[in-house]
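# Report on the structure
Chain by chain, the residues:
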Amino acid sequence: MPVSLNNEKNEFEQLQTLLQDDIKSIEQWWAQPRWSKTKRNYSARDIALRRGTFEPVTYPSSLMADKLYKVLEAHADKGTASRTFGAMDPVQISQMAKYLDTIYISGWQCSSTASTSNEPGPDLADYPMDTVPNKVEHLFKAQQFHDRKQFEERAAATSEAELAAMGQGIDYLTPIVADADAGHGGLTAVYKLTKMFIERGAAGIHMEDQTSTNKKCGHMAGRCVIPVQEHVNRLVTVRMCADVMNSNLIIVARSDSEAATLISSTIDTRDHYFIVGATNPDLEFSLAETLEAAIQGGASGAQLARIEKEWSEQAGLKLFHEAFADAVNADASIADKAGVIAKFNAQVGPLTETSNRDARKLAKSLLGGKDIFFDWELPRVREGLYRYRGGTQCAVMRARAFAPYADLVWMESNYPDYQQAVEFAEGVRAQYPGKWLAYNLSPSFNWQKAMSVDEQHTFIERLGALGYVWQFITLAGLHTTALAINAFSRDFAQDGMKAYAQTIQQREMDEGVDVLKHQKWSGAEYIDGILKLAQGGVSATAAMGEGVTEDQFRDKSKL
Ligand SMILES: C[C@](O)(C(=O)O)[C@H](CC(=O)O)C(=O)O
Ligand SMILES: [Mg+2]
């Protein structure tokens, strides 16, 4: 209730009552087992202060988040996985609901087919930031419509036999996990984006640790990550927004670090192990200076590429621990080279989070006071970014940092490599036992080359046993549409109506696809019912009345 309407207490007392009541209810909420693994860096008071005077509402998306949590929990208990794929439209979700327990909404697919600006393009997340939330709303509304339509039909049954005659019901309210890309800007954009997803119906969202300005599909080159803490701050922002909105949103933290080649800043010491430096002390100019001079001199694109290659070859680009090992091997005064290198590596590794300053100090002491030339400023690319060499262990380091702030963690990979999936799972779970993992079964991989048919058959189950509780073919909605439309267009061009009647309509009948009766599927009966209700029980203009052509399907189909 707006505080100004209550005249019995003074404003201070009214505000304090509202605040304290909300703080109490938030604390009770956060005490639930669902949050036992979630870290929050702020208090219930911090959240309550930001909620306004409306009684907190429960968004439908939060109920869907609860459902998603249960689905994933059940899979985690059994060592199985929820499998799904990127859905593009209401037709797809209505068919998926019969077989799959979650729905994915892909930024890639939206970028190509559903940008709010209607401008298609590759997966660079440069579409307007409400693009994926709009798709979520589109599909969530369709889910609710099909659910209402089905409920009306089935709940109106007057006997068990009548209900049984309708066949198996379908759970259309399948929780949606949507792509929040790299947050579409700074933390305020992350906050607003999260709010949109919650308002539009997402049960969960994933956010990746790429820069939002250079964001690329996880299977493109030139990916640039942000420092570990910067992504942690994004995840904290997502949860904070969900908390303000009273939402149990599921957060999936994705890392693109496995194949990342760039990082925006050296500020986080946890990243130092993976930052590439130049080790040649005789370089006269940095890469950026060298390229700038060449551009001013009129060099062409091909010449610039050659100049960059030559510069890189001369620079002796290495990670610091590699530079150390090379320095040891080149030092005639060190007898037990392997021993010295092992000593260094025991203290400085991918998961030790050692700063470069400390690594240098150790190196110097092991090299008898000698400094190693190592400069990560020199090879910075023209855009100012630093060179990074990620890998599976880098992704483990990052996923461990993200784990307390996310319900699931996901390493974007370049191949569907089972052994790599084992390494990631073991690495994360060594620190966070039982942590839920997500896996991208991407169509960007060549599955024919990656594994045998038998291995393809069992891949999801094998990953499920490792803890990958949520697995998704990102772009299968797009690919199946392409394939189906290609086949039908070809057949239709050749065979006319025979192609439609035999390869579409007949097969819909054979497989019991409800869209065969597309008027009914679209809810015409449900809407007729509303029309009749509004008119006291009759309607001469009912769409499904006598004369509807769908009557032609009555005998032939069981639907
Ligand atoms: C998951 C993804 O972010 C998407 O937008 O669907 C893409 C798709 C893909 O290449 O599989 C990605 O992995 O970056
Ligand atoms: Mg994406």
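These numbers were taken from a predicted model, which means no experiment stands behind them.

### Re the nonpolar core
Grouped together as the largest cluster of nonpolar side chains are 120 residues, with contacts concentrated most on Phe-324 and Phe-424. Of all the elements, helix α9 (residues 228–244) adds the most residues to this core, at eight residues. Summarising the domain contributions, this core has at least three residues from each of domain 1 (57–263 + 405–478) and domain 2 (269–387). Excluding its chain neighbours within four sequence positions, the residues that come into contact with Phe-424 are Thr-392, Ala-395, Val-396, Ala-399, Val-409, Trp-410, Met-411, Leu-437 and Tyr-468. By size, the runner-up hydrophobic cluster in this structure holds 10 residues, among which are Ala-278, Leu-287, Ala-294 and Ala-315.

### Re the UniProt feature "binding site: substrate" (unreviewed entry) in the protein
Cross-referencing UniProt, the feature "binding site: substrate" (unreviewed entry) maps to Ser-106, Gly-107, Trp-108, Gly-218, His-219, Arg-254, Asn-440, Leu-441, Ser-442, Pro-443, Ser-444 and Thr-474 in the present numbering. Lining residues of the largest cavity drawn from the annotated set just named are Ser-106, Gly-107, Trp-108, Gly-218, His-219, Arg-254, Asn-440, Ser-442, Ser-444 and Thr-474. With respect to the helices, strands and loops of the structure, Gly-107 is situated in helix α5 (residues 107–113). Setting aside residues no more than four positions away along its own chain, Gly-107 makes contact with Asp-123, Tyr-127, Val-132 and Asp-179. Tracing the sequence through the fold places Leu-441 in the loop between β12 (436–440) and α17 (447–450). A relative accessible area of 6% means that Leu-441 is categorised as buried. If we skip the residues at most four places from it in the chain, Leu-441 touches Trp-447, Phe-459, Ile-460, Gln-471, Phe-472, Ile-473 and Thr-474.

### Describing the confidence of the model for the protein
Taken residue by residue, the protein gives an average pLDDT of 95. The fraction at 70 or more is 98%. The ipTM for the predicted assembly is 0.98, set against a pTM of 0.95.

### Digging into the site of ligand 1
Taken together, 17 residues sit near ligand 1, with Ser-106, Gly-218, Glu-412, Ser-442 and Thr-474 positioned nearest. At 2.7 Å from an oxygen atom of ligand 1 is found a main-chain nitrogen or oxygen belonging to Trp-108. Side-chain polar atom of Ser-444 to an oxygen atom of ligand 1: 3.0 Å apart, as the coordinates give it. Relative to its unbound accessible area of 340 Å², ligand 1 is 100% covered by the protein chains. In a pocket analysis with a 2 Å cut-off to the grid points, ligand 1 is assigned to the largest cavity.

### Observations regarding the sheet that holds strand β10 (residues 386–387)
Spatial ordering of the open sheet is given by β5-β7-β10, a layout of three strands whose pairing is mixed. One side of each edge strand has no neighbouring strand; the edge strands of this open sheet are β5 (224–225) and β10. Both β5 and strand β7 (residues 262–263) contribute to a ladder of two bridges, which runs parallel. Bridging from a neighbouring strand, Val-225 pairs with Ile-263 of β7.

### Remarks on the sheet that holds strand β6 (residues 250–255)
Across the sheet, eight strands lie side by side as β1-β13-β12-β11-β6-β4-β3-β2; this open sheet has parallel pairing. Lying at the two open borders of the sheet, with one neighbouring strand each, are β1 (82–85) and β2 (103–105). Neighbour-to-neighbour, the strand axes of the sheet open up by a mean angle of 25°, direction not taken into account. Bridging between strand β3 (residues 176–179) and strand β4 (residues 204–208) involves three bridges; their strand directions are parallel. Bridged to Ala-178 within β4 is Ile-205.

### Remarks on the pattern of salt bridges
Under the defined criterion, the tally for this structure stands at 31 salt bridges. Among the salt bridges present, the one from Arg-387 reaches Glu-308, with a minimum N-O distance of 3.2 Å. Of this pair, Arg-387 sits in strand β10 while Glu-308 sits in helix α11 (residues 301–315), placing them 79 residues apart in sequence. By relative accessible area, Glu-308 is classed as partly exposed at 28%.

### Brief notes about the layout of surface pockets
Considering only enclosed or pocket space, the largest pocket measures out at about 1300 Å³ in volume. Looking at the largest pocket, it is lined by 30 residues, and the ones nearest its centre are Val-91, Gln-95, Thr-480, Ala-484 and Glu-508. Elements supplying a minimum of two residues to the lining of the largest pocket: α4 (90–96), α19 (476–495) and α20 (497–511). When residues in the lining of the largest pocket are grouped by element, the largest group, nine residues, is from α19. Looking at the lining of the largest pocket residue by residue, the class counts come to 17 nonpolar, seven polar and six charged. Residue assignment places the lining of the largest pocket across two domains, with domain 1 (57–263 + 405–478) and domain 3 (496–553) each supplying three or more.

### With respect to the domain arrangement of the protein
One can read the domain layout of the protein as domain 1 (57–263 + 405–478), domain 2 (269–387) and domain 3 (496–553). Inter-centroid distance (C-alpha atoms) of domain 1 to domain 2 is 38 Å. Between domain 1 and domain 2, the residue contacts involve eight residues of the former and seven residues of the latter. A buried area of about 680 Å², summed over both sides, lies between domain 1 and domain 2, and 62% of it is on carbon and sulfur atoms. Broken down residue by residue, the surface that domain 1 buries against domain 2 is led by Val-228, Leu-262 and Ile-263, which jointly contribute 70%. Where domain 1 packs against domain 2, one counts zero salt bridges. Here domain 1 is connected to domain 2 by three residue pairs in polar contact (both at pLDDT 80 or more). Contributions of two or more residues to the side of domain 1 that touches domain 2 are made by α9 and β7. A breakdown of the residues in the side of domain 1 that touches domain 2 according to their chemical character gives five nonpolar, three polar and no charged.

Calculation criteria
Residues numbered from 1 in each chain as written. Chains lettered and ligands numbered in written order. Predicted model: local features only at pLDDT ≥ 70, side-chain atom pairs only at ≥ 80, totals over all residues. Heavy atoms only, no water. Core = buried A, V, L, I, M, F, W, Y, C linked by side-chain atoms within 4.5 Å. Buried < 20%, exposed > 50% of the residue type's maximum accessible area, 1.4 Å probe, protein only. Helix = DSSP H or I, 4+ residues; strand = E, 2+ residues; numbered from the N terminus. Domains from an automatic or database assignment. Contact = heavy atoms within 4.5 Å. UniProt positions renumbered as here; feature names shortened; annotations may be inferred. 1 Å grid on protein atoms, 1.4 Å probe; cavity = no way out; pocket = protein on both sides within 12 Å on 5 of 7 lines; lining within 4 Å. pLDDT = per-residue confidence, 0-100. Near = heavy atom within 4 Å. Polar contact = N/O pair within 3.5 Å; in protein donor to acceptor, adjacent residues only side chain to side chain. Areas by Shrake-Rupley, 256 points an atom, 1.4 Å probe, with all protein chains shown as cover. Sits in = over half its atoms within 2 Å of the grid points. Pairing = 2+ DSSP bridges. Axes fitted to C-alpha atoms, helices over the stretch in contact; angles between N-to-C directions. Salt bridge = Lys/Arg side-chain N within 4 Å of Asp/Glu carboxyl O. Points joined across faces, edges and corners; volume = space filled by probe spheres on them. Nonpolar A, V, L, I, M, F, W, Y, C, P; charged D, E, K, R; others polar. Buried area = accessible area lost by both parts, 1.4 Å probe.

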